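Summary of structural features
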Amino acid sequence: MIRSRLTAQRLAFLFLLGCFFFNYPLLSVFNRGGDFFGLPPLYAWLMGSWLALIAQMAWVVERKEN
Amino acid sequence: MLQGWVIVLASFLYLGILFAIAWYADRRADIGRSLIANPVVYALSLGVYCTTWTFYGSVGRAAASGIGFLPIYLGPTLLFALAGFILHKMIRVAKANRITSIADFVASRYGKSQLLGGLVTVIAVVGVIPYIALQLKAVSNSFAILASYPEIIMPATAGAVPLFQDSALYVAMILAAFTILFGTRHLDATERHEGMVAAIAVESVVKLVAFLAVGAFVVWGVHDGVSDIFAQAAAVPEVARRLATADSPAAYGTWGTLVFLSMFASLLLPRQFQIAVVENVDESHLRRAVWMFPLYLFLINLFVLPVALAGMLHFPGGTVDADTFVLTLPMAHQQEALTLLVYIGGLSAATGMVIVETIALSTMVCNDLVMPLLLRLPMLGLAARADLSGLLLEIRRWAIALILGLGYLYFRVAGEAYALVSIGLISFAAVAQFAPVVIGGLFWKGGTRDGALAGLAAGFVLWAYTLLLPSFAKSGWLPDGFIAHGLFGIELLRPQHLFGLTGLDEITHCLVWSLLFNLGAYIGVSLQRVPNVREARQATLFVGGAEAAGAPGWRGSAGVADLLPLAGRFLGLDRAQEAFARHASQRGLKSVTELPADARLVSFAETLLAGAIGSASARVMVASVVKEEPLGIDEVMNILDEASQVRAYTRELEQKSLELTRATAELREANARLRELDRMKDDFISTVTHELRTPLTSIRAFSEMLQEDPKIDLAQRTRFVGIIVSETVRLSRLINQILDLAKLESGRAEWTVAAVDVAEVIHEAAESLTVLFAEKRVTLELEGCEAGLTVLADRDRLMQVMVNLLSNALKFVAADSGHVKVALAALCVPGIPLRGQVTANEVRVSVIDNGPGIQVEDQEVIFDKFHQGAATTDVLTDKPQGTGLGLPISRQIIEYFNGRLWVESTPGAGASFVFTLPRQAGDNGEVPQGDTVPGGGRGHKSPGGNS
Amino acid sequence: MSHRILIVDDEPNIVISLEYLMKKEGFQVAVATDGEAALQQASSFVPDLILLDIMMPRKSGFEVCQALRADPALAAVKIIMLTAKGRETEVAKGLALGADAYITKPFSTRDLVVQIKSLLG
């Protein structure tokens, strides 16, 4: 499991990162008109950073050293 | 083609397949080849989080507020990033304590409190019922819409339909029956349902596939990719507003609130707790779930916004409920198969949620609400009933039916006033009330049962007042005056603007107040006192993690004979027998009967029972057969503080080693004393030998001379024979005295103790020696020797002492001029005054001679064995006749009667041998007060003293 | 010629028996009842042989023996130790101090006479 303290701490860091990504004030930066490769910036930011976060989490827990 | 019967048939077919999967998984589990022992299955089953709220409601929410549907899924993602700290710990604690539900978890954490378990159950049931209503609403709506295919007609409001024509009622009944089939076929001690989990995992796949299919169809089938949809949406002002969210503090506040709320909901909703914690087969599965579950959430939300926008573009003007876009868009394009797939996807989202949620709730209702009450009602006699497993299943079935019934009722009452997502959020806010006691209980040891009760109650009341009651009022089932004007017309008590708080949406508003009071009461009340023994023990188990769970919680014991029948009553005898046998083999024992009656067995039985009836009830039941020794706070401190045990042990060791050192010293001393005694014994024997050989030498020499020379003249012969006789007498006396002394010293002497008149003994002794005194012409004077002074002593022994002292005196005084005096007196020594006045309490006898006296250095030595006075005093030329044993024997006798014997002497001026004995109280010898007073002044001579 | 024998013992009856025995054998006899008297007698009486008891008042037989052997004038005197204590340590001690023989009480009168005669040769 998430036996190693280091893994737990890396995940906790991702938690804090996520809290920052998914909340005010960062959201207000993307909350505007215009488009980003045909997508609204807020939608693109949220879906993109969400997927990146999930990828990071996968990388942290599935690393060989675990 | 999509006639009603097709839909019904497809529905039952789908449910039938699910049931078959569950049945197969159960079979596999029974033969030990679990289908679900797989991290992917675990992650998929967590997808039960996505209900019809997600399947239909997210699109509706997106249509109403753009990206605002998303925080509900970002929260769980963040929670799983904290899995290492929270979920992992919860799973370990729950496994170690056989926790079967969130109510069980809370009750167990705060000292296995039945009251707390009951409160959590009530909150969970009341809180989750809107959520169940939501599923009923979604399924019945989708059915109604589908039934009118290919036309798209919004179903009538539920309240307008007569009860028995309401499809939602039938949906509720069918779901109840299905859940009962799923969840209550048999009772499992671990409360795990492998078949159910397998079915839920399959359902997660079905709903994801269905949604992705709709998304793909809408994006690429109807439109020309995602960019096309967004471009079209941007062109329509009404739709374009959904591309960004409202840029205001309140909107961001709501956003943050929803992230926070969903984070806890994904952990604390009864079904989430059931799947994530209770049904977890292997804690290592959590690792895969950490990213796979968020990924599932990501995928199922990928097309939400495009579908919502496409729906708004396709059905302008709000003629079609946005909550139905997922279904109505394929319908509008005549995609029959896709429509049916979407319907099945929605059905799977609803059934998954309803099955797990109601099973979890029914377990809680049964274990934490009904059983504790039933067991307390003595008239039912349940505590004594042989087999309760059937009853337990019956209670659960009724609980499932009741919960779905309540869900339907809420749907009829309040369902129409809210969109799907809003109904769901009411439930989210309710279960968020568990967060302080659960999370606090995992990390803070100071929480108490009272604090948990107060916090939960406060949070629940505020939740009901600010969220639940207004939902009734808005539906017209409660007068809505109190919403606008406050309770009793008090403005400050307006439920959605409590204490004048405005500017927040109703969910955030509810959470602010309910969690504030919840947390405040939980912490504030907990801090009123230190946790009691039981709370402290549970706190250690939960906060310390499973590592601390090693210490058995029971201090008493009960045997298999008590515990097996008890477990059998709740689990059924066969299952109980199996479980005990497994426990026995785990402990390396051949059979159940070999299990020792120890705390471990009791703990095993308790956790076994906890699976069936909840930890609080299990504790009560086990306590009924275990005579538990009371657990003192000191002992608890010892259990908690291992270091103190080590310290105590060290102290004990030190003490032991100290004792050992002391014992060694004592032994050495005893050994030295023994060696000294041995040496003394050697000396004694050597001396005795010498003393015996001396008379023998004379006897032998004279006998041989007489034998060898018969011609010795008569005078000589008479003299020799006389010597032989006297030496023989001496020898006999010596032997007698040695034996006597040995008897005295070993304590084997026989004593005849009686009151003895001392004067009488003195007279008698003097009389017996009259002849000897007369022969040597020595005078004997008796002074103050009058009857009346008595002592407790052996008369003959006292006589022996007197004779010995007198003959010694006679031996040492000169013939003709010799004078011996015996003085008797009573005197007072400091001590206890008798009868309140100072009375003489000691009798003193002195034997005074006018002989040569004794050197100071010899005055103590003469009381040693075989030490004859003449041996070291050069005053005598004539060796006295004696054995050297008389004085030691006399001293032994006097000391035996608690007296003292000593000599006072000035060399050349005679010697005075004195002994004292305690005077017997109550004799009639009157003695004047004073310290040393002679018993009388009148001297008188012994009869033979003058001769 | 008759040999001169000094009897040293503090037990009157033993002295009586020894005196009678020695006189009967034709020896000249002198008596001492303690250690100091024994040393005086040894100087004045000049015996050929001394029968010396060990347990005596004032001076033990060992001390007397030691003093006699220290005096060159009396070096030729034969000494027979008499003792009621039969322990081997005492026998060894007596012989080490210069005694010629050692006889344990009670003794056989015949053996004593034989011993004396052999010592006086």
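Residues numbered from 1 in each chain as written. Chains lettered and ligands numbered in written order. Predicted model: local features only at pLDDT ≥ 70, side-chain atom pairs only at ≥ 80, totals over all residues. Heavy atoms only, no water.

Concerning the overall build of chain B
Put simply, the rule is: Helix and strand labels come from DSSP, where a helix needs a run of H or I of at least four residues and a strand needs a run of E of at least two; each type is numbered from the N terminus. Exposure categories follow from relative accessible area, calculated using a 1.4 Å probe and restricted to protein chains: below 20% of the type maximum is buried, above 50% is exposed, and the middle band is partly exposed.
The secondary structure content of chain B amounts to 36 helices and nine strands. Across the 947 residues in chain B, those meeting the buried criterion constitute 54%.

A short note on the overall build of chain A
Put simply, the test is: We call two residues in contact whenever any of their non-hydrogen atoms come within 4.5 Å of each other. Note that accessible areas follow from Shrake-Rupley with a 1.4 Å probe, and for residues the cover is restricted to the protein chains shown.
When its secondary structure is counted, chain A shows three helices and zero strands. When the helices and strands of chain A are listed from N to C terminus, the series reads α-α-α. Counting every position in chain A, which comprises 66 residues, the buried fraction comes to 47%. Summarising the internal contacts of chain A: among those between residues at least 6 apart in sequence, 51% fall at separations of at least 24. For chain A, the exposed area adds up to about 3500 Å²; of that, 67% sits on carbon and sulfur atoms.

Concerning the interface of chain B and chain A
Just so we agree on the cut-off: When two parts are put together, the accessible area they lose, computed with a 1.4 Å probe and summed over both, is reported as buried area. By salt bridge we mean one thing: a side-chain nitrogen of Lys or Arg within 4 Å of a carboxyl oxygen of Asp or Glu. Any pair of N or O atoms that falls within 3.5 Å is considered a polar contact. Within protein, one atom must be able to donate a hydrogen and the other to accept it, and sequence-neighbouring residues count only if both atoms are side-chain atoms. Residues were grouped as follows: Ala, Val, Leu, Ile, Met, Phe, Trp, Tyr, Cys and Pro as nonpolar; Asp, Glu, Lys and Arg as charged; and all remaining residues, including Gly, as polar.
The partner chain A presents 32 residues to the 40 residues of chain B that form the contact. In total, about 3400 Å² of surface goes out of reach between chain B and chain A, with carbon and sulfur atoms giving 75% of it. Looking at the side of chain B facing chain A, the largest losses of area belong to Tyr252(B), Arg287(B) and Phe298(B), adding up to 21% of the total buried there. Where chain B meets chain A, there are one salt bridge. Glu62(A) is paired through a salt bridge with Arg288(B); the nearest N and O atoms lie 2.8 Å apart. Inspection of the region where chain B meets chain A yields six residue pairs in polar contact (both at pLDDT 80 or more). When residues of the side of chain B that touches chain A are traced back to their parent elements, those giving at least two are helix H4 (71-81), helix H10 (226-235), helix H12 (249-268), helix H14 (285-301) and helix H15 (304-314) of chain B. Partitioned by chemical class, the residues of the side of chain B that touches chain A number 28 nonpolar, eight polar and four charged.

Considering the pattern of salt bridges
Residue and element names in this part refer to chain B. Enumeration according to the criterion identifies 24 salt bridges over all chains in this entry. A salt bridge links Glu283 to Arg92; the shortest N-O distance between them is 3.1 Å. Of the two residues, Glu283 sits in the loop between helix H13 (270-278) and H14 while Arg92 sits in helix H5 (residues 87-97), which places them 191 residues apart along the sequence. Residues Glu727 and Arg730 are paired through a salt bridge, measuring 3.3 Å at the closest nitrogen-oxygen approach. Highlighted residues: Glu727 and Arg730, both in helix H31 (residues 714-746), separated by three residues, approximately one helical turn. By the burial criterion, Glu727 is buried, and Arg730 matches it. Among the charged side chains, a network of salt bridges with common partners joins Arg449, Asp450, Arg529 and Glu535.

Structural notes on H4(B)
Among the 11 residues in H4(B), 11 count as buried, and that is most of the element. If you check which residues of H4(B) are buried, you get Pro71(B), Ile72(B), Tyr73(B), Leu74(B), Gly75(B), Pro76(B), Thr77(B), Leu78(B), Leu79(B), Phe80(B) and Ala81(B).

Structural notes on the interface of chain C and chain B
Contacts between the two partners involve 23 residues from chain C, matched on the other side by 28 residues from chain B. When the two sides are added together, the surface that chain C and chain B hide from each other amounts to roughly 2400 Å², 56% of it contributed by carbon and sulfur. A per-residue breakdown of the area chain C buries against chain B is headed by Asn13(C), Tyr20(C) and Pro106(C), which together make up 24% of the total. Across the chain C-chain B interface, the total number found is two salt bridges. We note a salt bridge from Glu11(C) to Arg730(B), for which the minimum N-O separation is 3.0 Å.

Some thoughts on the packing of aromatic side chains
By convention here, two paired aromatic rings are described through the distance between centres and the angle between planes. Test applied: Each Phe, Tyr or Trp ring, with Trp reduced to its six-membered ring, pairs with another whose centre is within 6.5 Å; inter-plane angles below 30 degrees give stacked pairs, above 60 give edge-to-face pairs, and intermediate values give tilted ones. The rule is short: NZ of Lys or CZ of Arg within 6 Å of the ring centre and within 35 degrees of the ring normal puts a charge over the ring.
Scanning the model with the defined rule gives 30 aromatic pairs over all chains in all. Pairing Tyr43(A) with Phe230(B) gives two aromatic rings, centres 5.4 Å apart and planes at 50°, and the pair type is tilted. With one member in each of two chains, Tyr43(A) in helix H3 (residues 41-62) and Phe230(B) in helix H10 form a pair that bridges those chains. You'll find Tyr43(A) and Phe230(B) in the same group, each marked buried. Arranged with centres 5.2 Å apart and planes meeting at 90°, the rings of Tyr896(B) and Phe897(B) form a pair that is edge-to-face. A relative accessible area of 43% means that Tyr896(B) is categorised as partly exposed. Of the residues examined, Phe897(B) reaches a relative accessible area of 7% and is grouped as buried. Taken together, Tyr49(B), Trp53(B), Tyr73(B), Phe80(B), Tyr131(B), Phe293(B) and Phe428(B) form an aromatic cluster joined through their ring pairs. For the cation-ring pair, Arg63(A) lies above Trp59(A), with the distance from its terminal atom to the ring centre recorded as 4.5 Å. Over the ring of Tyr110(B) we find Arg109(B); its NZ or CZ atom is 4.6 Å from the centre of that ring.

Quick look at the sheet that holds strand S1 (residues 4-8) of chain C
Either a parallel or an antiparallel arrangement is found when strands of a sheet pair, and the pairing is made through backbone hydrogen bonds. All names here are of chain C. Going by this rule: Criterion used throughout: strands pair if DSSP finds at least two bridges between them. Orientation is described by lines fitted to C-alpha atoms, with helices fitted over the stretch in contact, and by angles between N-to-C directions that extend from 0 to 180 degrees.
Here we have five strands laid out as an open sheet, ordered S2-S1-S3-S4-S5, and parallel in their pairing. Because the sheet does not close on itself, it has two edges, and the strands there are strand S2 (28-32) and strand S5 (101-104). Averaged over neighbouring strand pairs, the angle between their axes works out to 20° when direction is ignored. Across four bridges, the pairing between strand S4 (residues 78-83) and S5 is parallel. Its bridge partner lying in S5, Thr83 is registered against Thr104. Running at roughly 150° to S2, helix H2 (residues 35-45) makes contact with S1, S2 and strand S3 (49-53) of the sheet.

Let's talk about the confidence of the model for chain B
Residues and elements named next belong to chain B. So the rule is basically this: Confidence scores per residue from the predictor, reported as pLDDT, run from 0 to 100.
Scored by pLDDT, chain B comes out at a mean of 80, with 84% of its residues at no less than 70. In this model, residues 631-644 is a region of pLDDT below 50 whose contacts with residues beyond four sequence positions or in other chains number 15 contacts. Low pLDDT (under 50) marks residues 832-838, which in the prediction has eight contacts with non-local residues, meaning those over four places away or in another chain.

Focus: the pairing of S4(C)
Residues and elements named next belong to chain C. Basically, it comes down to this: Whether a crossover is right-handed comes down to one check: with the strands pointing away from the viewer, does the path from the first strand over the helix to the second run clockwise; if it does, it is right-handed.
Among the six residues that make up S4, five are buried, leaving the element largely enclosed by the rest of the structure. Pairing geometry for S3 and S4, over five bridges, is parallel. From the neighbouring strand, Leu52 faces S4, where its bridge partner is Met81. Each parallel crossover has a hand, and for S3 linked through helix H3 (residues 61-70) to S4 it is right-handed.

Thoughts on the packing of helix H25 (residues 560-571) of chain B against helix H26 (residues 573-586) of chain B
All names here are of chain B. Short version of the rule: We call two directions roughly parallel when the angle between them is under 35 degrees, roughly antiparallel when it is over 145, roughly perpendicular when it lies between 65 and 115, and oblique otherwise. Left-handed describes a crossing whose near helix is turned anticlockwise from the far helix through less than a right angle; right-handed describes the clockwise counterpart.
Viewed as axis vectors pointing N to C, H25 and H26 meet at an angle of 130°, and their least axial separation amounts to 7 Å. In terms of axis orientation, H25 runs oblique to H26. In this structure, H25 crosses over H26, and the sense of that crossing is right-handed. Seen from H25, the contacting residues are Val560, Leu563, Leu564, Ala567, Gly568 and Leu571; seen from H26, they are Leu573, Arg575, Ala576, Gln577 and Phe580. For the contact of H25 with H26, the per-class residue count stands at eight nonpolar, two polar and one charged.

What about a nonpolar patch on the surface?
All names here are of chain B. Operational definition: Grouping into patches uses exposed residues only, defined as over 30% relative accessible area, and leaves out salt-bridged ones; the cut-off is 9 Å for like charges and 5 Å for nonpolar side chains (Val, Leu, Ile, Met, Phe, Trp, Tyr).
Residues Val8, Phe12, Tyr170, Met173 and Ile174 make up a contiguous nonpolar surface patch of roughly 440 Å² in combined accessible area. Those elements giving two or more residues to the nonpolar patch turn out to be helix H1 (4-30) and helix H8 (167-183). Ranked by the residues each element gives to the nonpolar patch, the list is headed by H8, at three residues.

Let's talk about the nonpolar core
Definition in use: Here, nonpolar core means buried Ala, Val, Leu, Ile, Met, Phe, Trp, Tyr and Cys residues that are tied together by side-chain atoms lying within 4.5 Å of each other.
One finds Leu46(A), Trp50(A), Phe428(B), Phe434(B) and Trp463(B) to be the most contacted residues of the largest nonpolar core, which totals 202 residues. Setting aside its immediate chain neighbours within four residues, Trp50(A) contacts Phe22(A), Trp45(A), Leu70(B), Tyr73(B), Leu74(B), Thr77(B), Pro294(B), Leu297(B), Phe298(B) and Asn301(B). Judged by nonpolar contacts, the second largest core, of 54 residues, contains Ala765(B), Leu805(B), Val847(B) and Ile893(B).

Side note on the environment of Gln528(B)
Inspection of the secondary structure puts Gln528(B) in the loop between helix H23 (506-526) and helix H24 (533-543). When the C-alpha atoms of Gln528(B) and Thr448(B) are compared, they prove to be 9.1 Å apart, with 80 residues separating the residues in sequence.

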